[in-house]
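A look at the structure
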Amino acid sequence: MSSRTNSRKPTDAEMKVLSVIWEHGPKTVREVHGLISQKETIGYTTVLKFMQIMTGKGFLLRDSSVRPQLFSAAEPQRKTQGLMLRDLVDRAFAGSAGDLALQALSTRKSTPDELREIRALLDELEGECA
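Model, not experiment: these values are computed from the prediction.

**Digging into the confidence of the model for the protein chain**
Mean pLDDT over the protein chain: 91, with 95% of residues reaching 70 or higher. Under a pLDDT of 50 for its full length, residues 1–6 has, in the predicted model, 15 contacts with residues more than four places off or in other chains.

**Some remarks on helix H2 (residues 29–37)**
Every buried residue of H2 is accounted for by Val29, Val32, His33 and Ile36. Relative to the axis of H2, the buried residues are bounded by an arc of 100° and lie together on one face. Taken together, the buried residues of H2 touch helix H1 (12–24), helix H3 (44–57) and strand E2 (70–73).

**Regarding the environment of His33**
Here His33 is to be found in helix H2. Between the alpha carbons of His33 and Ile21 there is a distance of 11 Å; along the sequence they are 12 residues apart.

**Some words on the packing of H1 against H3**
Running from N to C, H1 and H3 point in directions that differ by 85°, and their axes come no closer than 10 Å. As summarised for this structure, H1 and H3 are arranged roughly perpendicular, according to the angle between their axes. Contact with H1, carried on its side by Ala13, Glu14, Val17, Leu18 and Ile21, involves Phe50, Met51, Ile53, Met54 and Lys57 of H3 and no other residues of that element.

**Topic: the nonpolar core**
With 16 residues, the main nonpolar core has Val17, Ile21, Val32, Met51 and Leu60 as its most contacted residues. With sequence-adjacent residues up to four places away left out, Leu60 is seen in contact with Val17, Leu18, Ile21, Met51, Met54, Thr55, Phe71, Ser72, Ala73 and Ala74.

**Side note on unusual backbone geometry**
Geometrically, the link from Arg67 to Pro68 is a cis peptide bond, its omega value of -5° lying close to zero. Residue position: Pro68 is located in the loop between strand E1 (60–63) and E2. Positive phi is not limited to glycine here, since Ala94 has a value of about 50°. In this fold, Ala94 is placed in the loop between helix H4 (77–92) and helix H5 (97–107).

Rules behind the numbers
- Residues numbered from 1 in each chain as written.
- Predicted model: local features only at pLDDT ≥ 70, side-chain atom pairs only at ≥ 80, totals over all residues.
- Heavy atoms only, no water.
- pLDDT = per-residue confidence, 0-100.
- Contact = heavy atoms within 4.5 Å.
- Buried < 20%, exposed > 50% of the residue type's maximum accessible area, 1.4 Å probe, protein only.
- Helix = DSSP H or I, 4+ residues; strand = E, 2+ residues; numbered from the N terminus.
- Arc of directions from axis to C-beta.
- Axes fitted to C-alpha atoms, helices over the stretch in contact; angles between N-to-C directions.
- Parallel < 35°, antiparallel > 145°, perpendicular 65-115°, else oblique.
- Core = buried A, V, L, I, M, F, W, Y, C linked by side-chain atoms within 4.5 Å.

Listed below in structure tokens is the structure:
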């Protein structure tokens, strides 16, 4: 995100738009509206307004050289998730990533693949500490 949005996190509604674009790539307003509308009722003009606001905030980039205009995410999904996660760790877990991980793992059941990835990450982190 631009320096303008470094401290700003997307709202829930903005995350729906970003999720569509991260999953499907650059899209027009109509395409984003169509994909969101498959899951919930939302007006075209509402999606248009969200995307205009998100462009102003620096969450989306608009390609005005084509018609209809295409919108893309200003930052990769992992970077935005990282900003949101750091904010959550600071606000809800007093800065403790360990407390967050323990809470997250106790809240929902992890798949065997997820557990393997978690173990591999823990092994890597332990190696860095040694």
